[in-house]
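# Summary of the model geometry
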Amino acid sequence: MTGLERVLAALQGDVPDRPAVSMTLSLYGAKMIGCPLKEYYTQARFYAEGQQAIKETFDADILFTPFTLASIGEAFGSHLKYFDHHPPNVALPGCGTAEEIARLVNNHDFQENSMHYHMESTRQMAKCNNNRAAIGGVFLSPVDLPPLIVGMEGWLNTLLFEEKEMQLILESMTQFFVASANAFFQAGAHLLVLPLAFCNPNIVTRSMVEKTMVPVLKEAFEQVKGPIVLHHVGLPLSPFLEPLKSLPNVVGYALDPADSFIKARQTLGQSPVMLGNIDGPTLYRHSPEEIMKRCRRIYENRKDDRHFILGTSGADIPLQTPEENIHALVKSGVSIGTERGYDQ
């Protein structure tokens, strides 16, 4: 089976030749081809080449488009700072008012700004990959885009004290999100992966999630022409699964290492895919043997769950992670598949 077929099996509840494995190796592709990160995160051909190396080296079942969310803000005038060992961050937010944001959204051109890099990377990945792996288009929801444009403090202040401005910004971000999400699918993505920070109890209240965030997400997700996976963004997602579980077109939830698969499944029901929960950012600290033991414990926990994908949680797997540690993730899936007769 191909990686894409394994992912589809998890979505449909079918039995694959081995369990699908999701590894966040967006950053690691630069190491595989020896590419400086400034070039890797600005030139689509280098990014696609790096992800092709990820597929060939590790037999990854899911390849991710650039996990450099800060660069989305460049389309709205934000300035970035580049680093040698991790993706760029926003150094200076761009727009200041809802009117400025609306003007830029209305004049948006995917061929003329930083979003071109994301879309062209997706197109080139799809061309090289030829459906051998699922491609996850990494983006942000309408409620998570504003901090890239007005800054975290500015967005929190708007949410708390400027309701009219908040509504205008969310309307513009919904328009931009829907156009971008569907552009990812047109470019060749099979899934849309959305880190969802502003539906987390460590950032906003449950009341704000239910009254403000969920209605916006419902309206936006209804217009997306493909499946969506919600990502925990480095914080436990379980406390907010209840209000999120009925959102349209959402087929999966990437859980934090602190989340319980058992509790999450009780909340979500049997159909949605759960992904996780190996901690990717600390993978380099462990031996391959320790990683495989951790994987085996997770597989034992999920042995009767056909809608499950083992995956690394959190941000990118760091560049200093030994390749054998990454190979251990797939080897654990191969071992389980052989033991359980999946490959017969």
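This text goes with the structure placed above it.
Let me sum up the structure you'll find in this document. (Residues numbered from 1 in each chain as written. Predicted model: local features only at pLDDT ≥ 70, side-chain atom pairs only at ≥ 80, totals over all residues. Heavy atoms only, no water.)

### Description of helix H6 (residues 114-129)
Here H6 is 16 residues long and its end C-alpha atoms lie 23 Å apart, about the 22 Å a rise of 1.5 Å per residue gives. Among the structural elements, helix H3 (37-40), helix H4 (44-58), strand S2 (62-64), strand S5 (134-138) and helix H9 (163-187) are those in contact with the buried residues of H6. After H6 finishes, the residue Asn130 shows a positive phi value of roughly 55°. (Helix = DSSP H or I, 4+ residues; strand = E, 2+ residues; numbered from the N terminus. Expected span 1.5 Å × (residues − 1). Contact = heavy atoms within 4.5 Å.)

### Here's the deal with the pattern of salt bridges
Across all of its chains, the model carries 14 salt bridges by this definition. In this structure, Asp59 engages Arg18 in a salt bridge whose closest nitrogen and oxygen atoms are separated by 3.3 Å. Of this pair, Asp59 sits in the loop between H4 and S2 while Arg18 sits in the loop between helix H1 (3-12) and strand S1 (21-22), and the two are 41 residues apart along the sequence. You can call Asp59 partly exposed: its relative accessible area is 33%. For the salt bridge of Glu339 with Arg296, the shortest nitrogen-to-oxygen distance reads 2.8 Å. Taken as a pair, Glu339 in helix H14 (residues 323-339) and Arg296 in helix H13 (residues 288-301) lie far apart in primary sequence, 43 residues in all. A relative accessible area of 37% means that Arg296 is categorised as partly exposed. (Salt bridge = Lys/Arg side-chain N within 4 Å of Asp/Glu carboxyl O. Buried < 20%, exposed > 50% of the residue type's maximum accessible area, 1.4 Å probe, protein only.)

### Some points on H4
With 15 residues, H4 ought to run about 21 Å at 1.5 Å a step, and its terminal C-alpha atoms sit 21 Å apart, in line with that. Most of H4 sits inside the fold, with 11 of its 15 residues counted as buried. Residues Ala44, Phe46, Tyr47, Ala48, Gly50, Gln51, Gln52, Ala53, Ile54, Lys55 and Phe58 constitute the buried set of H4. Of the surrounding secondary structure, the elements contacted by the buried residues of H4 are H1, helix H2 (28-33), H3, S2, H6 and H14. After H4 finishes, the residue Asp59 shows a positive phi value of roughly 55°.

### A look at the nonpolar core
One broad trend across soluble globular proteins is that nonpolar side chains are buried collectively. The biggest cluster of nonpolar side chains holds 114 residues, and the ones touching the most others in it are Met23, Phe139, Phe177, Phe221, Leu230 and Leu244. No other element matches the 11 residues that H9 contributes to this core. In this structure Leu230 touches Leu194, Leu196, Phe221, Leu237, Leu244, Leu247, Val250, Gly252, Tyr253 and Ala254, once residues within four positions along its chain are discounted. (Core = buried A, V, L, I, M, F, W, Y, C linked by side-chain atoms within 4.5 Å.)

### What about empty space enclosed by the protein?
Enumeration over the complete set of coordinates arrives at one cavity of 30 Å³ or more. In this structure, the largest cavity spans a volume of roughly 210 Å³. If you trace the largest cavity, you find 23 residues lining it, with Ser22, Phe64, Val229, Ala254 and Leu275 closest to the centre. Going through the elements one at a time, H1, S2, strand S6 (191-195), strand S7 (228-231), strand S8 (250-254), strand S9 (273-279) and strand S10 (308-313) are the ones with two or more residues in the lining of the largest cavity. For the lining of the largest cavity, the element with the most residues is S10, which contributes four residues. (1 Å grid on protein atoms, 1.4 Å probe; cavity = no way out; pocket = protein on both sides within 12 Å on 5 of 7 lines; lining within 4 Å. Points joined across faces, edges and corners; volume = space filled by probe spheres on them.)

### A closer look at the side chain of His231
In this structure, His231 sits in strand S7. Relative accessible area serves as the criterion here: at 8%, His231 is assigned to the buried category. At 3.4 Å, the side chain of His231 forms a polar contact with the backbone oxygen of Gly314. Among all residues touching His231, those that are not within four sequence positions of it are Val193, Leu194, Pro195, Leu196, Ala254 and Gly314. (Polar contact = N/O pair within 3.5 Å; in protein donor to acceptor, adjacent residues only side chain to side chain.)

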